[in-house]
Amino acid sequence: AAGVIQSPRHLIKEKRETATLKCYPIPRHDTVYWYQQGPGQDPQFLISFYEKMQSDKGSIPDRFSAQQFSDYHSELNMSSLELGDSALYFCASSLTEGLNTEAFFGQGTRLTVV
Amino acid sequence: AQSVSQHNHHVILSEAASLELGCNYSYGGTVNLFWYVQYPGQHLQLLLKYFSGDPLVKGIKGFEAEFIKSKFSFNLRKPSVQWSDTAEYFCAVNSPSGGSYIPTFGRGTSLIVHP
């Protein structure tokens, strides 16, 4: 079965550079979520999109932005990178079924800022 | 805001020992509950979920969890762990957030199983 695809899997950037992470949800899923997981931390919700519109916002820094495109893939854009942005970034997708919504996670992009 | 508490941050067991990981959530309304496992260097995988019905839920790899509404708990159990169960375990709760349902995660429990 198709899963959530994230690219790249690994990314190394220098401080103050920009990075773009991509997420391709499971076909026919209408919601995409982005999470940030720092070393030894739990996944922190950043932002979500439902039917290409931003639906919820979590602890996403102002330096980050995201969007969902017409083909439902999503991109997380990160600017002015800081050392503290080094983390595993997960994308998840779901088919909205009210409370019974189950999110499926991608393998993540490991971002290292040096 | 919804919060999820996992009380055991690090657990070390020998193979064949029994496992119980605690999870409590704060939301008083209807919730859906999940346990995810994250093997070293890998993504989150669903172990089991509770939506409704029988509060004792059985998942993959011999794991089960019991939803106790009065205690706001959803503890994960396995009668006999294996070395391959070494991983990070996350409890998560779906709760309303604006117009959608966002999974909120606990801090995770790192399980190390010695052979």
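For the structure itself, look to the data block above.
Note that the structure is predicted; figures quoted are calculated from it, not measured. (Residues numbered from 1 in each chain as written. Chains lettered and ligands numbered in written order. Predicted model: local features only at pLDDT ≥ 70, side-chain atom pairs only at ≥ 80, totals over all residues. Heavy atoms only, no water.)

### Quick word on the packing of aromatic side chains
Here's step 1: Considering all chains together, one arrives at 15 aromatic pairs over all chains under this definition.
Here's step 2: Judged by centre distance (5.7 Å) and plane angle (55 degrees), the rings of A:Tyr35 and A:Phe105 are tilted. Taken together, the positions of A:Tyr35 in strand E4 (residues 31–37) and A:Phe105 in strand E10 (residues 104–105) put the pair 70 residues apart, joining distant regions of the chain. As far as burial versus exposure is concerned, A:Tyr35 and A:Phe105 are alike and both buried.
Here's step 3: Centre to centre, the rings of A:Phe105 and B:Tyr36 are 5.3 Å apart; their planes meet at 85 degrees, and the pair counts as edge-to-face. Of this pair, A:Phe105 sits in strand E10 while B:Tyr36 sits in strand E5 (residues 32–38), on two different chains.
Here's step 4: Its relative accessible area of 2% is what places B:Tyr36 among the buried residues.
Here's step 5: Through pairs of rings, three or more aromatic residues link up here, namely A:Tyr35, A:Phe45, A:Phe90, A:Phe105, B:Phe34, B:Tyr36, B:Phe51, B:Phe90 and B:Phe105. (Phe/Tyr/Trp six-rings, centres within 6.5 Å; stacked < 30°, edge-to-face > 60°. Helix = DSSP H or I, 4+ residues; strand = E, 2+ residues; numbered from the N terminus. Buried < 20%, exposed > 50% of the residue type's maximum accessible area, 1.4 Å probe, protein only.)

### Topic: the pairing of E4(A)
All names here are of chain A.
Here's step 1: Of all seven residues in E4, seven are buried, a share of seventy percent or more.
Here's step 2: Alternating residues of E4 divide into Thr31, Tyr33, Tyr35 and Gln37 and Val32, Trp34 and Gln36, and every residue in both groups is buried.
Here's step 3: Here E4 pairs with strand E5 (residues 44–50) via six bridges, running antiparallel. When the bridges of E5 are listed, Val32 appears paired with Phe49.
Here's step 4: Taken together, E4 and the strand that follows it, E5, pair antiparallel across an intervening segment of six residues, in which Gly40 is found at a positive phi of about 70 degrees.
Here's step 5: Two strands pair when backbone bridges link them, and E4 and strand E9 (residues 87–94) are joined in this way by seven bridges, in the antiparallel orientation. Paired with Thr31 across the strands is Ser94, a residue of E9. (Pairing = 2+ DSSP bridges.)

### Notes on unusual backbone geometry
Residues and elements named next belong to chain A.
Here's step 1: Here the residue pair Ser7 and Pro8 is connected by a cis peptide bond, since its omega of -10 degrees sits within 30 degrees of zero.
Here's step 2: Turning to its location among the elements, Pro8 is positioned in the loop between strand E1 (5–7) and strand E2 (10–13).
Here's step 3: Phi at Arg28 is positive, roughly 80 degrees, even though this residue is not glycine.
Here's step 4: Mapped onto the elements of the fold, Arg28 is located in the loop between strand E3 (19–24) and E4.
Here's step 5: With a relative accessible area of 75%, Arg28 lands in the exposed category.
Here's step 6: In this structure, Tyr72 takes a positive phi of about 75 degrees despite not being glycine.
Here's step 7: Residue position: Tyr72 is located in the loop between strand E7 (64–68) and strand E8 (74–78).
Here's step 8: Accessibility expressed as a relative area gives 25% for Tyr72, which makes it partly exposed.

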